[in-house]
Amino acid sequence: MLVALIARDKDGALEIRKANRADHLAYIDATGVVSQAGPLIVGGDMAGSLVILDVADMAAAEDWAANDPYAKAGLFDTVELIEWKKVIG
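All of the points below concern the structure found in this document. (Residues numbered from 1 in each chain as written. Predicted model: local features only at pLDDT ≥ 70, side-chain atom pairs only at ≥ 80, totals over all residues. Heavy atoms only, no water.)

Brief notes about the sheet that holds strand E4 (residues 76–84)
Inference 1: An order of E2-E3-E1-E4 is seen for the 4 strands of this open sheet, with the pairing classed as antiparallel. At either end of the open sheet lies a strand with only one pairing partner, and these are strand E2 (34–42) and E4. If you compare each strand with its neighbour and ignore which way they point, the axes differ by 15 degrees on average.
Inference 2: Pairing of E2 with strand E3 (residues 45–54), which is carried by 8 bridges, proceeds in the antiparallel orientation. Across the sheet, Gln36 pairs through a bridge with Ile52, a residue of E3. (Pairing = 2+ DSSP bridges. Helix = DSSP H or I, 4+ residues; strand = E, 2+ residues; numbered from the N terminus. Axes fitted to C-alpha atoms, helices over the stretch in contact; angles between N-to-C directions.)

So, in C-alpha cells, the structure goes:
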C-alpha cells in the first residue's frame, strides 16, 4: 500500500533538519520503502517533508515514521500518515 507521510517542521528547526539530513537520507536508502520524497518549502526554506512510502500496511508506515532520524531528533511539529492512491506518473 502507498502511504503519504506529510510532516511539518517545528518553528525555528531548520538547523535540526540540516544536522540530521545525512542520517535521514541514509535511513531512506537502507529501508528501501520510499518511492518518492522531498522537503516542503516555505519562504524559500525547508519546512517539512513529503514522503511516499510503499509498505505492507499502516503499521509498517507508522514504524517507519517513528524510526526516521528526523522524528527521533524532534524535528517535526506534526506528522500525518494517509493512505494514498497513485493515479498519474
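Considerations on the pattern of salt bridges
Inference 1: Under the definition given, this model contains 2 salt bridges.
Inference 2: Between Arg17 and Asp9 there is a salt bridge, and its shortest N-O distance comes to 2.8 Å. The same class applies to Arg17 and to Asp9, which are both buried.
Inference 3: A salt bridge links Glu15 to Lys18, with the shortest nitrogen-to-oxygen separation between them at 3.8 Å. With a gap of 3 residues between them, Glu15 and Lys18 both fall in helix H1 (residues 14–31), about one helical turn apart.
Inference 4: Judged by its relative accessible area of 55%, Glu15 is exposed.
Inference 5: By relative accessible area, Lys18 is classed as partly exposed at 48%. (Salt bridge = Lys/Arg side-chain N within 4 Å of Asp/Glu carboxyl O. Buried < 20%, exposed > 50% of the residue type's maximum accessible area, 1.4 Å probe, protein only.)

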